[in-house]
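A structural walkthrough
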Amino acid sequence: MDRRSFMQTCTAGAAGVSLAASFPALAADARPKEYARALLVNERGDPWRAAQLVPQTNYVFHYPFEATPVFLLELGRPALPHALNTQDKDGYSWPGGVGKNRSIVAFSAICAHQLVYPTREVSFISFRKTRAQKGLQDGLIHCCAEHSQYDPARGARVLSGPAPQPLCAVLLQHDPKADTLTAHATLGGELFDAFFRKYEMKLSLEVGTKARNAVRGQAVVRELDKFCRNSIQC
Ligand code: FES
């Protein structure tokens, strides 16, 4: 390479470096991750009708795995689409609520901070009708462990606390004729691998060998107060 070409190469390289520094790589979009479809049913196996959900009540089902809990909420007001980011800066557009009033939402109940989740014995994380801390709005999902608060009307984005990203959304399909709900995908920052790593032993005692089995066909929805003996209100 002659001196002139060498200088051109160096100049182009330097420009490339400075451009790269000025314009960081564009974030990839997070897309819905489809899983097996699961109709939401009660303990008798009858489909839950959307109209049966009591507004602002905590319901829990497990999806997309037998051991991964999800909050189902009828917010009592429409939840509109919202642009969000995962902690890896992947952007995604949460599609908002479903149902007649677009007020039904579902989110993984695994806190995005240190993976606290509702068990049959105790839950430190739940939806609160009224504000859990001064200065914050009502109707938030609050984790008592270190007080992360998520807004379920805006894709469970983080309003306060140490959580680095929104709760992972669970996408529901509403059948307007039958008024039933079917879970079919997640959207956002999944934490399932970290969850199974962290709680491997605990989950094997709580759920047994099927903890990581995919939920398919049906998922049983229960009120949190019936699923869990102690729902902590902090
Ligand atoms: S685990 Fe929920 S705030 Fe820390």
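Before any of the text, the structure's been laid out above.
Below is a short write-up of the structure. (Residues numbered from 1 in each chain as written. Predicted model: local features only at pLDDT ≥ 70, side-chain atom pairs only at ≥ 80, totals over all residues.)

As for the sheet that holds strand 8 (residues 125-128)
Taken in spatial order, the four strands of this open sheet run 8-9-10-11, and their pairing is antiparallel. Looking along the sheet, the strands with just one partner apiece sit at the ends: strand 8 and strand 11 (157-160). Sheet twist, expressed as the mean angle between neighbouring strand axes with direction ignored, is 35 degrees. Strand direction decides the pairing type here: strand 8 and strand 9 (residues 140-143), joined by four bridges, are antiparallel. (Pairing = 2+ DSSP bridges. Helix = DSSP H or I, 4+ residues; strand = E, 2+ residues; numbered from the N terminus. Axes fitted to C-alpha atoms, helices over the stretch in contact; angles between N-to-C directions.)

Some details on the pairing of strand 3 (residues 69-74)
With respect to burial, strand 3 is a largely interior element, six of its six residues being buried. Here strand 3 shows no split at all, with Pro 69, Phe 71 and Leu 73 on one side and Val 70, Leu 72 and Glu 74 on the other all buried. Between strand 2 (residues 59-62) and strand 3, which pair antiparallel in sequence order, lie six residues. In the sheet, strand 3 pairs with strand 6 (residues 104-108) via five bridges, with the strands oriented antiparallel. (Buried ≥ 20, exposed ≤ 12 C-beta atoms within 10 Å, placed from the backbone.)

Examining the pairing of strand 6
Moving residue by residue along a regular strand, the side chains alternate between the two faces of the sheet. Of all five residues in strand 6, five are buried; the element is thus mostly enclosed. On strand 6, burial covers both faces: Ile 104, Ala 106 and Ser 108 on one face and Val 105 and Phe 107 on the other are all buried.

None of this, on its own, says anything about what the molecule does.
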